[in-house]
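Single-letter residue listing:
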Amino acid sequence: MSLRSAFSARQPLSGAVLVTLIGIVALFTVIGFAHAGPEDTPRTKKAAKAPQDTASPEAERAATPDGVTLPPTDGGNFDYQISEPYTPPDGVKVVSRDREAPPAAGLYNICYVNAFQAQPDAEGDWDSDLLLRDDNGDVVMDEDWGEALLDIGTADKRRRIADTVGDWFDGCAEDGYQAVEPDNYDSYTRSEGLLTDDDAMAFIKLLADRAHDAHLAIGQKNTLELASHREDLGLDFAVAEECGQQDPPECGDYTEAFSKVIMIEYTDSALDTACEGSQQPGVAIVRRDVDVSTPDDDGYVRRTCDSV
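In this text the structure is predicted, and so the values were computed from the model without any measurement. (Residues numbered from 1 in each chain as written. Predicted model: local features only at pLDDT ≥ 70, side-chain atom pairs only at ≥ 80, totals over all residues. Heavy atoms only, no water.)

Engineer: Can you break down the environment of Ala284 residue by residue, with the values?
Structural biologist: Residue placement: Ala284 occurs in strand E10 (residues 283-288). Note on Ala284: relative accessible area 0%, which makes it buried. Taking the C-alpha atoms as reference points, Ala284 and Gly75, separated by 209 residues in sequence, lie 4.5 Å from one another. The contact partners of Ala284, leaving out residues within four places of it in the chain, are Thr73, Asp74, Gly75, Asn77, Phe78, Val261, Ile262 and Met263. (Helix = DSSP H or I, 4+ residues; strand = E, 2+ residues; numbered from the N terminus. Buried < 20%, exposed > 50% of the residue type's maximum accessible area, 1.4 Å probe, protein only. Contact = heavy atoms within 4.5 Å.)

Rendered as structure tokens:
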């Protein structure tokens, strides 16, 4: 017998049956409200449209780990001194120096570390199997800088390399640095297809954890294509070289991903481009010479947006 025929008797419903039906309807009404999500209520819908309830890009960024301080980057207050240290120019509050150099007294110091490649002629400092090799057994080189690529292609090798680099981070912290700048995050793009972006991200996540354990902020060096992963990887700020040199410029993409960005340009035209589009709180912009030389050198160049 169909449900329709069961409830279509022509006889009037008894009082008991009527009461039962009313109770069933009331029960389903209560259940419906109980399972309705917050988005189903007019009050929530109205609140969601209110501008004050819209999270800003800044609020959506991951919180800085305990004990870690981000660089106070702003305007022209940064200097890049990764070749040799020298007295910072007036107005500079943030300096990046090589890990073997002492930090600048009274300033925010970033410790430069070549984390993904061996320093020139320093292949012997690494276990042979930690150098990336091609099918012929030859070490894969970054020809522009004469640096051997480190093999971050397996979890075990990443761990072993991270142990060494992490010790360097600990040394930076002991010396008084507040942050680290691990270079050559993009080494996988020069690996002849032997490494992947997943390898790079897995490795830098190990480095970020180690940096934070030492109460150091960690910067993403270049590698814009991976910036969207920066929260998951624990990267705190960006060091972007030549973002104004690209066509189209990439500086704005860095500021969308990071609240703190250091932009380093190596030509006057690129500096002009960076300054035109990226002067905002949290961003420091500087033009240096390619050799990152000292003021005593003939080729020394340092300019900021104030001189544009």
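On we go.
Engineer: Which residues make up helix H9 (residues 268-278), and what values go with them?
Structural biologist: Every buried residue of H9 is listed here: Ala270, Leu271, Ala274, Cys275 and Ser278. End-on view of H9: buried residues confined to an arc of 135°, all on one side of the axis. Looking at H9, the residues exposed on the side facing more than 90 degrees away from the buried face are Glu276 and Gly277. Tucked inside the fold, the buried residues of H9 contact helix H8 (251-257), strand E9 (261-265), E10 and strand E11 (302-304). (Arc of directions from axis to C-beta.)

Engineer: Mind laying out the environment of Glu256, listing which residues take part and the relevant values?
Structural biologist: Summarising the element assignment, Glu256 is placed in helix H8. Judged by relative accessible area, Glu256 falls into the exposed class, the value being 62%. A sequence separation of 29 residues divides Glu256 from Ala227, and the C-alpha atoms of the two residues are 9.5 Å apart.

Engineer: Outline the state of the cysteines, supporting the account with residue identities and numerical values.
Structural biologist: Applying the stated rule across the entire model yields three disulfides. Across the disulfide from Cys243 sits Cys251; the S-S distance is 2.2 Å. Judged by the torsion about the S-S bond (95°), the Cys243/Cys251 disulfide is right-handed. By relative accessible area, Cys243 is classed as buried at 1%. Covalently, Cys275 is tied to Cys305 through a disulfide, its sulfur atoms 2.0 Å apart. Disulfide Cys275 to Cys305: torsion about the S-S bond roughly -90°, handedness left-handed. Of the two residues, Cys275 is situated in helix H9 and Cys305 in the segment after E11; the sequence distance between them amounts to 30 residues. Each member of the pair Cys275 and Cys305 is classed as buried. Sequence-ordered numbering of the bonded cysteines in the protein chain gives a disulfide pattern of 1-2, 3-4, 5-6. (Disulfide = S-S within 2.5 Å.)

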